[in-house]
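Listed below, chain by chain, are the residues.
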Amino acid sequence: VRFSYMRMKYLFISWLVVFIGSWVMYVQYSTYTELCRGHDCRKIICDKYKTGVIDGSACSSLCAKETLYFGKCLSTKPNNQIYLGIWGNLQGVIKCQMEEAAQLDFGTDPEPRKEIILFDKPTRGTTVEKFKEMVYGFFKAKLGEQGNLSELVNIILSFADGNKDGRVSLPEAKSAWALLQLDEFLLMVMLQDKEHTPKLMGFCGDLYVIERVEYTSLYGISLPWFIEILIPSGFRRSMDQWFTPSWPRKAKIAIGLLEFVEDIFHGPYGNFLMCDTSAKNLGYNDKYDLKMMDMRKIVPEMNLKEMIKDRPCESDMDCVYGTDCRTLCDQSKMRCTTEVIQPNLAKVCQLLKDYLLRGAPSDIHEELEKQLYLCIALKVSANQMEMEHSLILNNLKTLLWKKISHTTDS
């Protein structure tokens, strides 16, 4: 009887382990097939390229020579395909949109991408001058009246000339126009000469390839989704701190993030707002130079204000874009106002507070904490906000740099 009982017990446990393992594998496979649609992306792009609709610097390698390969899937949403890629002897990250670029619709799902209108502009017969006017008008509507929009138009035309033959063909123009609808791509082009923006390696249609960054999270650790869901958020925050680099290296990464905030705060093409300042959107290379991993939620201030203006609301929670761009709900009109509450710097300091204070040298800990809390308290509506913004940002950079400038980590 004892033998039969023990055997039944082990059989049951074995069956339970097999069942749970099979379920986990099934869920993982189902999630993978839903999230990772690189073959669909490649087919759509290459079909358009082979029929002469689109062209770009990566098209031949992707569709004809087949020297641009899709590697490990990094996608977290079905409509935004992200893969590690190999292009000849170079490593990069491939990004491809599987649906129309989502508008700033504050939580509603984007409309499915309709292939019938994909790459529909500019139309046949459009001259280069007419295309330049199209791009200029697009920038004016999105960025506002900036004095150097013509210079930005020329940068776009130079990038659109994928084969560098000195002219922009209609297929190249169609690819460039599709890419311009993506805020991340537009910002990357604007900031290509900045250290903290990944370099654009090439494009084909609305698929583009950027340089690969070694560490893809501020904390240097990323876990599979099925492990993430099992870890309590409080424990995960503590665990993140275990895997951070040494403090001087953290300080160097933080200086890079502060410099990026400086780049997009009233830069040459207007002010951009960081609407998702989570650690997973930031990375760094083997020299501990910050690199922005995901800039999809960094949007032109004018564009955001236009979209949120007069939006119906019942509370301030209805006036949020992404996770971090918040305005107030005017209770008398039940409409969202357009004034964003926190500047980018305040949101970045909130992210960096625990990151920098843990392990900070004792001789600067108190001053660093003081500057970080002053930074977090910054409000857009404050008097002399821009002066305070510049002062706090410079104080933080100077404090960190003085401490690490003599170290090998710098």
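As named in an unreviewed UniProt entry, the protein is FAM69 N-terminal domain-containing protein, taken from Callipepla squamata. In its Sequence similarities (unreviewed entry) section, the UniProt record describing the protein reads: "Belongs to the DIPK family." The record held by UniProt for the protein lists under Subcellular location (unreviewed entry) the comment "Endoplasmic reticulum membrane".

### Focus: the packing of aromatic side chains
Taken as a whole, this structure holds nine aromatic pairs when the rule is applied. A ring pair is formed by Phe-138 and Phe-139, whose centres lie 5.9 Å apart and whose planes are at 55 degrees; its orientation type is tilted. Each member of the pair, Phe-138 together with Phe-139, is buried. Look at Phe-185 and Tyr-208: their rings are 5.7 Å apart centre to centre, the planes differ by 65 degrees, and that puts the pair in the edge-to-face class. Highlighted residues: Phe-185 in helix α7 (residues 183-190) and Tyr-208 in strand β5 (residues 207-211), separated in sequence by 23 residues. A network of ring pairs unites the aromatic residues Phe-159, Phe-185, Phe-203 and Tyr-208 as a single cluster.

### Focus: the sheet that holds strand β2 (residues 80-87)
Judged by pairing direction, the sheet is antiparallel, and its five strands sit side by side in the order β1-β2-β3-β5-β4 without closing on themselves. Each of the sheet's edge strands pairs with one partner strand only, and the pair in question is β1 (68-73) and β4 (200-204). Averaged over all pairs of adjacent strands, the angle between strand axes in this sheet comes to 30 degrees, irrespective of strand direction. By the bridge criterion, four bridges tie β4 to β5 in an arrangement that is antiparallel. Along β5, the bridge assignment pairs Leu-200 with Ile-210.

### What about the pattern of salt bridges?
Per the stated rule, a full pass over the model turns up 18 salt bridges. Across the pair Glu-66 and Arg-42 runs a salt bridge whose closest N-O atoms are separated by 3.5 Å. Linking Glu-66 in the loop between α3 (59-64) and β1 with Arg-42 in helix α2 (residues 38-50), this pair joins segments that are 24 residues apart in sequence. The exposure class of Glu-66 is partly exposed, given its relative accessible area of 43%. For Arg-42, a relative accessible area of 27% puts it in the partly exposed group.

### Considerations on unusual backbone geometry
Here the amide bond leading from Lys-121 into Pro-122 is cis, since omega sits at -5 degrees, within 30 degrees of zero. Phi angles above zero are rare outside glycine, and Tyr-288 is one such case at about 65 degrees. Along the chain, the position of Tyr-288 falls in the loop between β7 (282-284) and β8 (290-292). A positive phi angle is found at Met-334, which is not glycine, with a value near 55 degrees. Position of Met-334 among the secondary structure elements: in the loop between β12 (329-330) and β13 (335-336). Judged by relative accessible area, Met-334 falls into the partly exposed class, the value being 31%.

### Quick notes on a nonpolar patch on the surface
Taken together, the side chains of Tyr-10, Phe-12, Ile-13, Trp-15, Leu-16, Val-17 and Ile-20 define a hydrophobic patch exposed on the protein surface, amounting to about 720 Å² of accessible area. Looking at the secondary structure, you find Ile-13 in helix α1 (residues 2-35). Given the relative accessible area of 40%, Ile-13 is considered partly exposed.

Each value, and the rule that gives it
Residues numbered from 1 in each chain as written. Predicted model: local features only at pLDDT ≥ 70, side-chain atom pairs only at ≥ 80, totals over all residues. Heavy atoms only, no water. UniProt positions renumbered as here; feature names shortened; annotations may be inferred. Phe/Tyr/Trp six-rings, centres within 6.5 Å; stacked < 30°, edge-to-face > 60°. Buried < 20%, exposed > 50% of the residue type's maximum accessible area, 1.4 Å probe, protein only. Helix = DSSP H or I, 4+ residues; strand = E, 2+ residues; numbered from the N terminus. Pairing = 2+ DSSP bridges. Axes fitted to C-alpha atoms, helices over the stretch in contact; angles between N-to-C directions. Salt bridge = Lys/Arg side-chain N within 4 Å of Asp/Glu carboxyl O. Patch = residues over 30% accessible without salt bridge, like charges linked within 9 Å, V, L, I, M, F, W, Y side chains within 5 Å. Areas by Shrake-Rupley, 256 points an atom, 1.4 Å probe, with all protein chains shown as cover.

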